[in-house]
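An overview of the molecular structure
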Amino acid sequence: MMNTTIGLVGAGQMATALAQGLLKAGLVGQDQLLASDPSEAARDRFSRSLNVRVTPDNLDVVDWAKVVILAVKPQQMGEVLDQLRGRIGPDRLVISIAAGVRCAAILEALGPQTRLARVMPNTPCLVGQGVSAYCLAGAASAADGALVAQILGAVGLAIQVEEKLMDAVTGLSGSGPAFAYVMIEALSDGGVRMGLPRQVATMLAAQTLRGAATMVLGGGEHPAALKDRVASPGGTTIAGLQALEAGGLRAALIAAVEAATRRAAELAAGS
């Protein structure tokens, strides 16, 4: 169990997922968590689902917690940072999961001495199967990085990157679940076209992608090598792969990540 207190500024879905993951993993007890949110409905949902204390005042969280997670929408970050000016000491670690809000903007408000981590999670964190990239800034130490990785590890994988790569992370893993849903839907459509019931086709498609991903993550083999193991000479898989190449699937996915990355950079520059 971690010997610290964790406060969440914001009690929405991602904050709830993080708190739930920490509790489920046994990393903290309920008395080590506190969440704030201006919405009474959000506070009630958080408190009822996790039996964790809540407050309407963000400053209650900052004054109490040693780790402060800023789990607010990007458009709310400016107002929140104004509230926190002068209230974050060197004994606090700040973790921001607000998409597109750069470290420089946070440090400008809270001070360059702030121990800061910026995180880009994705929505599968809500079911404990996410991937979160994080970078360190300000006065954050390697020990802070290890603590961030431990917290994020409660809801999936955690990978440290340089901040300049965060837009690419957003384009790949941030937007990627939507690309995967399209692939599952398309595979399901193919199964239906070939006579499978819709429910069966969707289950087959979703489980197939999950199983393939598990093999990539657990086996250490390159995806191309795994693909070649399935594609027998003159068989069904190589015929299907030829159809994918003819349809431009590979190029389309590369272009999707590039487009999402460029848009992430545009939104960050305008924030």
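No experiment lies behind these values; they were computed from the predicted model shown.

Definitions and cut-offs
Residues numbered from 1 in each chain as written. Predicted model: local features only at pLDDT ≥ 70, side-chain atom pairs only at ≥ 80, totals over all residues. Heavy atoms only, no water. Patch = residues over 30% accessible without salt bridge, like charges linked within 9 Å, V, L, I, M, F, W, Y side chains within 5 Å. Areas by Shrake-Rupley, 256 points an atom, 1.4 Å probe, with all protein chains shown as cover. Salt bridge = Lys/Arg side-chain N within 4 Å of Asp/Glu carboxyl O. Helix = DSSP H or I, 4+ residues; strand = E, 2+ residues; numbered from the N terminus. Buried < 20%, exposed > 50% of the residue type's maximum accessible area, 1.4 Å probe, protein only. Axes fitted to C-alpha atoms, helices over the stretch in contact; angles between N-to-C directions. Parallel < 35°, antiparallel > 145°, perpendicular 65-115°, else oblique. Left-handed = near helix turned anticlockwise from the far one by under 90°. Contact = heavy atoms within 4.5 Å. Nonpolar A, V, L, I, M, F, W, Y, C, P; charged D, E, K, R; others polar.

**Observations concerning a nonpolar patch on the surface**
The grouping of Leu196, Val200 and Leu204 at the surface amounts to a nonpolar patch, some 230 Å² of accessible area in total. Secondary-structure assignment places Leu196 in the loop between helix H8 (176–193) and helix H9 (198–219). Given the relative accessible area of 36%, Leu196 is considered partly exposed.

**Some remarks on the packing of helix H7 (residues 166–174) against helix H12 (residues 249–270)**
Closest axis-to-axis distance for the H7/H12 pair is 7 Å, and the angle between their directions is 130°. Taken as axis vectors, H7 and H12 run oblique relative to one another. Crossing handedness for the pair H7 and H12: right-handed. Residues Asp167, Ala168, Thr170, Gly171 and Leu172 of H7 form the contact with H12, whose own contacting residues are Val257, Ala260, Thr261, Ala264, Ala265 and Ala268. Its residues assigned to classes, the contact of H7 with H12 comprises seven nonpolar, three polar and one charged.

**Looking at the environment of Met166**
Tracing the sequence through the fold places Met166 in helix H7. Assessed through its relative accessible area of 1%, Met166 is described here as buried. Considering only alpha carbons, one finds Met166 and Cys135, 31 residues apart in sequence, at a separation of 8.3 Å. Once residues within four sequence positions are removed from consideration, Met166 is found in contact with Arg118, Val119, Met120, Ala133, Tyr134, Cys135 and Val161.

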